[in-house]
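In case you want the letters, here they are:
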Amino acid sequence: MNIISVGVNHKTAPIEIRERIALSEVQNKEFVTDLVSSGLASEAMVVSTCNRTELYVVPSMAEVTCDYIKEYLISYKDARKDVRPEHFFSRFYCGTARHLFEVSSAIDSLVLGEGQILGQVKDAYRIAAEVGTAGILLTRLCHTAFSVAKKVKTKTKIMEGAVSVSYAAVELAQKIFSNLSMKKVLLVGAGETGELAAKHIYAKNARNIVITNRTLSKAEALAEELGTNRVLPYESYKEHLHEFDIIITAVSTKEFILKEAEMQHSMSRRRLKPVIILDLGLPRNVDPDVGKLQNMFLKDIDALKHIIDKNLERRRAELPKVKAIIDEELVGFGQWINTLKVRPTIVDLQSKFIEIKEKELERYRYKVSEEELRRMEHLTDRILKKILHHPIKMLKAPVDTADNIPSKVNLVRNIFDLEEPNQSLQ
Amino acid sequence: MANIFLENSLLFVLTQLVPLLYMVTTVLYGLHFFQETPLAGKFKQPALILTVVTHVADLGLLTSTEGYRLSYSAYNLMGMVALTLAITYMFIELTTKSDKTGFFVIAFAAGSALFSSILSAQSIASGPTFSGLGIGVHLIAAIFGFSSVAIAGLYSGLYLVLFRQIRLNRFGLLFQRLPNLEALELLIMHAVAFGFFFLSVTMVAGVYEQQASTETINLLDPRLISLFVIWFLYGISLFIKPLVGWDIKHMAVLLIALFVLVTILLFIMSLITPSFHGVRI
């Protein structure tokens, strides 16, 4: 019983190839159903995100190799002209398990430790379970991957610290102010960047957010979406600058919208209480000289990238811990796979003894009362359980290598004279 | 002159153990702050509690022969400074659940404990013991006042370091681990308020005791003058922010200066002038 994975991701193929081979949810369902119903695989699952399309397959026959699956996907997507097998990676058995554990723990992601991938793997498993292509092996593999990801999240710092500009802006604001819910925030610009920053700061309990934008209706729409419903006309917002503790600017302009003299005036009106200006505009929205003012923290995208770099550095330092967790779980998963190989022998062994028990009891069925027969049955069950306990325990015991399993299985089969097992189960 | 530490083996052991425990606690807080060692994180708070309990036991044993009244000596003063710093910080950690400044406060406490331990090698059967409520309150309030000054100074230093790190885009270890600027500001202002309160109590109790005592107190004693100057500056710093509009950054500089001044005065005077405000000992 093998489990293989093939796929393209940000490490193996450029974005054009990844786009070409990506599967929508509908295609995903159709593809895995085809693979299993055609008898090529007994189980199949596809993880498809913007950065990866990866197949996890339990082949039904030896002919179904990694190359075969790659070709199958390429022809399904009709992408023979653009996509070649060299764009794919291939993994087998424990390599497949390790890969899925790394993907779920977000250490294989483009942005190390990003938080979305686990949800995407869970979605992939949900789809496979819905269409019935996730069997015992994929189910166990996925659940172990989820457990690995949970352990990694709680026991390491791989997901700590901001790694996007808007998150870094909020992280910085939190390093200056204790409680953002007590602070007044001004958002200048209701575009995509401004909206993202406003949502992040809102998520950190900042509720007093005032929005201004050249097009007032856009500011009103964002204010309504956030639930703050507070806007200022773009023409007059500068009269209120002194009221704000946090100012986020994200407008598209070639000239500075906030100049040193304006901010100096604002600072004296607020009696030098600290202010942080997060300039998320490109080109910059705020005169750099504003940063020289007393108790003024002016941070542009470059400064925020310093935070991101430091956080990524810290995340990279956590990699050995993550890999140790994965190694530990991989051992457990490997041992579980090995128990699958002895399962038919255990079933045969139990069946054989039950058969003997039933034959012997049958001889006494009309010689004793029903009550006595029930007692005899109860007694023989207990005896069988005790007799079988040790051989089953021995079969299930972890082995150093999978090569040791056949000798154990053969020993038990010979001793108890069990019939030859069904090869497909082995 | 006999040294009581050599006559009481349990007291001797405890006196040696106290600075050792302070140092171990400092190392644990340091390891947790700088390297985030999980074991240090687990044991640092129990170590701090053990240190405080051991120090209190040591102090109890030391003063038991004098009816649990503390005698005036540099050894006792420095020991009390270490203890009050540790207790004050323990209170901060337990109430705010923030353990990010522990290393800096406990390291200072450890320094005081070590200094106290060195002084214990000298003969200390000297100095007037507290013989009245007034003098007791005076000395205890002075010690707590100094601890507040120390904590305000230490937190002011941390505030300035973090302020500078943010201004210069240095988002390293201190940026990651220290509490935010506003939290540090709150801690500083609380320490200043407590400091002013305790220094006021020190002065009132001192005046009360002086009037009740037959001893002549030298009003020009440098300790008295410096206490008054520090009390005055602390009082000003409490109101300087709301009235004059000084920002916390400038206040932090003032508080560090006061802390340095008080520490230098305390160390030098404890060593050079072995008297209690002019009362020869």
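Residues numbered from 1 in each chain as written. Chains lettered and ligands numbered in written order. Predicted model: local features only at pLDDT ≥ 70, side-chain atom pairs only at ≥ 80, totals over all residues. Heavy atoms only, no water.

(A) Quick peek at the pairing of strand β1 (residues 4-9) of chain A. Residue and element names in this part refer to chain A. The element β1 is largely enclosed, with a buried count of six among its six residues. The side-chain alternation of β1 yields two buried faces, one formed by Ile4, Val6 and Val8 and the other by Ser5, Gly7 and Asn9. By the bridge criterion, six bridges tie β1 to strand β3 (residues 52-59) in an arrangement that is antiparallel. Bridging from a neighbouring strand, valine 6 pairs with leucine 55 of β3. Bridging between β1 and strand β4 (residues 89-92) involves four bridges; their strand directions are antiparallel. Across the sheet, the residue bridging to valine 6 is serine 90, located in β4. (Buried < 20%, exposed > 50% of the residue type's maximum accessible area, 1.4 Å probe, protein only. Helix = DSSP H or I, 4+ residues; strand = E, 2+ residues; numbered from the N terminus. Pairing = 2+ DSSP bridges.)

(B) Just the pattern of salt bridges, in detail. Residue and element names in this part refer to chain A. Enumeration according to the criterion identifies 34 salt bridges over all chains in this entry. The partner of glutamate 54 in a salt bridge is arginine 52, with the nearest N and O atoms 2.8 Å apart. A salt bridge links glutamate 328 to lysine 151, with the shortest nitrogen-to-oxygen separation between them at 4.0 Å. Remark: lysine 151 occurs in helix α6 (residues 136-155) and glutamate 328 occurs in helix α12 (residues 319-364); sequence separation between them is 177 residues. With a relative accessible area of 25%, lysine 151 lands in the partly exposed category. Here the residues in one salt-bridge network are Glu25, Lys29, Asp123, Arg126 and Glu130, joined through shared partners. (Salt bridge = Lys/Arg side-chain N within 4 Å of Asp/Glu carboxyl O.)

(C) Here's a closer look at the environment of glutamate 71 of chain A. All names here are of chain A. Counting through the fold element by element, glutamate 71 comes out in helix α3 (residues 66-76). Here glutamate 71 falls in the partly exposed class, since its relative accessible area comes to 30%. Contact partners of glutamate 71, with chain neighbours within four places excluded, come to Arg80 and Pro85. (Contact = heavy atoms within 4.5 Å.)

(D) Spatial organisation of the sheet that holds strand β5 (residues 184-188) of chain A. All names here are of chain A. Strands sit in the order β7-β6-β5-β8-β9-β10 across an open sheet of six strands; the sheet is parallel. Each end of this open sheet is capped by a strand with a single partner; those strands are β7 (231-233) and β10 (296-300). Within this sheet the neighbouring strands show an average axis-to-axis angle of 20°, counted without direction. Across five bridges, strand β9 (residues 275-279) lies against β10 in parallel orientation. Looking across to β10, one finds that valine 275 is bridged to methionine 296. In this fold helix α11 (residues 301-317) packs onto β9 and β10, with an angle of close to 80° to the strand it touches most, β10. (Axes fitted to C-alpha atoms, helices over the stretch in contact; angles between N-to-C directions.)

(E) Representation of the interface of chain B and chain A within the structure. Each side of the interface is counted separately: chain B has 24 residues, and chain A has 26 residues. Each partner contributes to the roughly 2000 Å² buried at the junction of chain B and chain A, and carbon and sulfur atoms together form 47% of this total. In terms of surface lost to chain A, no three residues of chain B exceed Arg167, Phe171 and Glu182 of chain B, which account for 31% of the buried area on that side. Run the count over chain B and chain A and you get two salt bridges. One salt bridge in this structure joins glutamate 182 of chain B and lysine 183 of chain A, with 2.6 Å as the shortest N-O distance. Summed over the shared surface of chain B and chain A, the result is 21 residue pairs in polar contact (both at pLDDT 80 or more). Counting only elements with at least two residues in the side of chain B that touches chain A, the list comes to α6 (133-167), α7 (173-177), α8 (181-212), α9 (222-244) and α10 (248-272) of chain B. (Buried area = accessible area lost by both parts, 1.4 Å probe. Polar contact = N/O pair within 3.5 Å; in protein donor to acceptor, adjacent residues only side chain to side chain.)

(F) Spotlight on unusual backbone geometry. All names here are of chain A. Here the amide bond leading from leucine 282 into proline 283 is cis, since omega sits at 5°, within 30 degrees of zero. At arginine 271, a position not held by glycine, the phi torsion is positive, near 55°. Structurally, arginine 271 can be placed in the loop between α10 (260-269) and β9. Of the residues examined, arginine 271 reaches a relative accessible area of 48% and is grouped as partly exposed. We note that leucine 272 has phi near 65°; this positive angle belongs to a residue other than glycine. Residue placement: leucine 272 occurs in the loop between α10 and β9. The class of leucine 272 is partly exposed, set by a relative accessible area of 26%.

(G) Examining the domain arrangement of chain A more closely. One can read the domain layout of chain A as domain 1 (4-160), domain 2 (165-311) and domain 3 (337-425). Each of domain 1 of chain A and domain 2 of chain A was reduced to a C-alpha centroid, and the two centroids are 41 Å apart. (Domains from an automatic or database assignment.)

(H) Seen up close, the sheet that holds β1 of chain A. Residues and elements named next belong to chain A. If you walk across this open sheet you meet the four strands as β2-β3-β1-β4, and the pairing is antiparallel. Each of the sheet's edge strands pairs with one partner strand only, and the pair in question is β2 (41-48) and β4. Strand-to-strand twist of the sheet, defined as the mean angle between neighbouring strand axes without regard to direction, takes the value 15°. Its contacts with the sheet put helix α2 (residues 25-37) on β2 and β3, and the angle it makes with β2 is roughly 160°.

(I) The environment of valine 46 of chain A, seen in detail. All names here are of chain A. Among the structural elements, valine 46 can be located in strand β2. Classification of valine 46 as buried rests on a relative accessible area of 1%. When the C-alpha positions of valine 46 and valine 111 are compared, they lie 21 Å apart, and in sequence the two are 65 residues distant. Once residues within four sequence positions are removed from consideration, valine 46 is found in contact with Leu23, Asn28, Phe31, Val32, Thr53, Glu54, Leu55 and Ala124.

(J) Representation of a nonpolar patch on the surface in the model. All names here are of chain B. Taken together, Leu17, Leu20, Met23, Val24, Leu114 and Ile118 make up a surface patch of nonpolar side chains, about 490 Å² in accessible area. Secondary-structure elements contributing two or more residues to the nonpolar patch are α2 (9-35) and α5 (102-119). When residues in the nonpolar patch are grouped by element, the largest group, four residues, is from α2. The topology assignment puts isoleucine 118 in helix α5. (Patch = residues over 30% accessible without salt bridge, like charges linked within 9 Å, V, L, I, M, F, W, Y side chains within 5 Å. Areas by Shrake-Rupley, 256 points an atom, 1.4 Å probe, with all protein chains shown as cover.)

(K) Examining the confidence of the model for chain B more closely. Here chain B averages 80 in pLDDT, while 80% of its residues score no lower than 70. Interface confidence for the predicted complex, expressed as ipTM, amounts to 0.78; the pTM equals 0.74. (pLDDT = per-residue confidence, 0-100.)

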